[in-house]
Amino acid sequence: MTGVADIHADIDALRELADALTRFRHGQREVADRGDHEIEATRASLETKASRWRSLLVRRQAALNACQMSAARDAGAGAAGDCHAEQAAVREAQERLVRIRRWQQRVDEEAGAFRGTAGRFRDLLDLDLPRAEHHLRAVIAGLEASRRLRVPGT
Amino acid sequence: MPDRPDEDAERLLRVIEAAWHQAQQDWRDDMAGRFDRVHWAPVIAESRLYLRALRECLDIMNTAERDTDF
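About the cut-offs
- Residues numbered from 1 in each chain as written.
- Chains lettered and ligands numbered in written order.
- Predicted model: local features only at pLDDT ≥ 70, side-chain atom pairs only at ≥ 80, totals over all residues.
- Helix = DSSP H or I, 4+ residues; strand = E, 2+ residues; numbered from the N terminus.
- Rg over C-alpha atoms; globule rule 2.2 N^0.38 Å.
- Contact = placed C-beta atoms within 7 Å.
- Nonpolar A, V, L, I, M, F, W, Y, C, P; charged D, E, K, R; others polar.
- Core = buried A, V, L, I, M, F, W, Y, C linked by C-beta atoms within 7 Å.
- Buried ≥ 20, exposed ≤ 12 C-beta atoms within 10 Å, placed from the backbone.
- Expected span 1.5 Å × (residues − 1).
- Bend = angle between axes of the 7 residues up to and from the residue.
- Axes fitted to C-alpha atoms, helices over the stretch in contact; angles between N-to-C directions.
- Parallel < 35°, antiparallel > 145°, perpendicular 65-115°, else oblique.
- Left-handed = near helix turned anticlockwise from the far one by under 90°.
- pLDDT = per-residue confidence, 0-100.

Now for the overall build of chain A. Tallying secondary structure elements over chain A gives two helices and zero strands in all. The C-alpha radius of gyration computed for chain A amounts to 33 Å, which surpasses the reference 15 Å derived for 154 residues by more than 25%, pointing to a less compact arrangement than a globule. Overall size of chain A, expressed as C-alpha extent along the three principal axes, is 115 × 20 × 15 Å. By sequence separation, contacts in chain A at least 24 residues apart represent 81% of the contacts at least 6 residues apart.

Right under this line is the structure:
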């Protein structure tokens, strides 16, 4: 057990440390919430983009089909139809959808890997840090009590 | 524009480490050593792990957004 003679501490600095730990816990909890929010916002944004390009692909595919039917009719009448622009538009939508889907997959993988670390960090904030603060405040209380005892005899 | 969460986390870590170093100037008894081992070191280690993971994850999120802004 630590005796009064072994105690070397600036109580004000320890109080400041305990208060700083409390501020740290609140601040980091807010950080963790914002981090989770950013991940969800990215997922939602990618889904919105995917949905938009799916719709565009459907419309562009319909335009290409109409163009090809028209071109076939024109070819029957001896004229040459040109659907290159429609084909390029369909290809662009397909490529962009593929890219978005790849990113959705990557983001899901990253978010899954991050979840474990984030969960441990939340446990730290909810369980370990309050224990550390409690320990520190008990130390401070002990130091204050021991110094009160020392005053009459000094 | 608000800072990224990982930048705020880094700032909070710097503040708490400064408070610890300040407290250590005058707290050098057995209790200080125990507090360091049992509480402080794990808190800082886990916080640094989280910070690194958060930074990497947010970098990926930002790249995903940029790479799909057509």
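With that settled, the discussion passes to the interface of chain B and chain A. The interface of chain B with chain A comprises 35 residues on the first partner and 43 residues on the second. When residues of the side of chain B that touches chain A are traced back to their parent elements, those giving at least two are α1 (5-26) and α2 (30-67) of chain B. At 18 residues, α2(B) tops the list of elements feeding residues into the side of chain B that touches chain A. Class assignment of the residues belonging to the side of chain B that touches chain A gives a composition of 23 nonpolar, four polar and eight charged.

What follows deals with the nonpolar core. Proteins that are soluble and globular tend to have nonpolar side chains buried together. Ranked by internal contacts, the top residues of the largest apolar core, which has 45 residues, are A:L14, A:L17, A:L21, A:L136, B:L54, B:C57 and B:M61. For this core, the secondary-structure elements that each account for two or more residues are α1 (11-76) and α2 (84-153) of chain A together with α1 and α2 of chain B. Setting aside anything within four residues of it in sequence, one finds A:L14 in contact with A:A9, A:L136, A:V139, A:I140, B:A23 and B:W27.

With that settled, consider α1(A). Here α1(A) contains 66 residues, and its C-alpha end-to-end distance of 96 Å stays within 8% of the 98 Å for a straight helix at 1.5 Å per residue. Phi turns positive one or two residues past the end of α1(A), at A:G78, with a value near 90 degrees.

To continue, consider α2(B). Between its first and last C-alpha atoms α2(B) spans 54 Å; for 38 residues at 1.5 Å apiece the expected length is 56 Å, and the two agree. B:D36 marks where α2(B) bends most, by close to 45 degrees.

Moving on to the packing of α1(A) against α2(B). At their nearest, the axes of α1(A) and α2(B) sit 10 Å apart, and the two run at 25 degrees to each other. On the basis of their axis angle, the class for α1(A) and α2(B) is roughly parallel. In this structure, α1(A) meets α2(B) at a crossing whose hand is left-handed. In this structure, α1(A) uses A:G35, A:E38, A:I39, A:T42, A:S45 and A:L46 to contact α2(B), whose residues at the interface are B:L54, B:C57, B:L58, B:M61, B:A64 and B:E65.

Now for the confidence of the model for chain B. Residues at a pLDDT of 70 or more form 99% of chain B, whose mean pLDDT is 94. Among the scores for the predicted complex, ipTM is 0.93 and pTM is 0.86.

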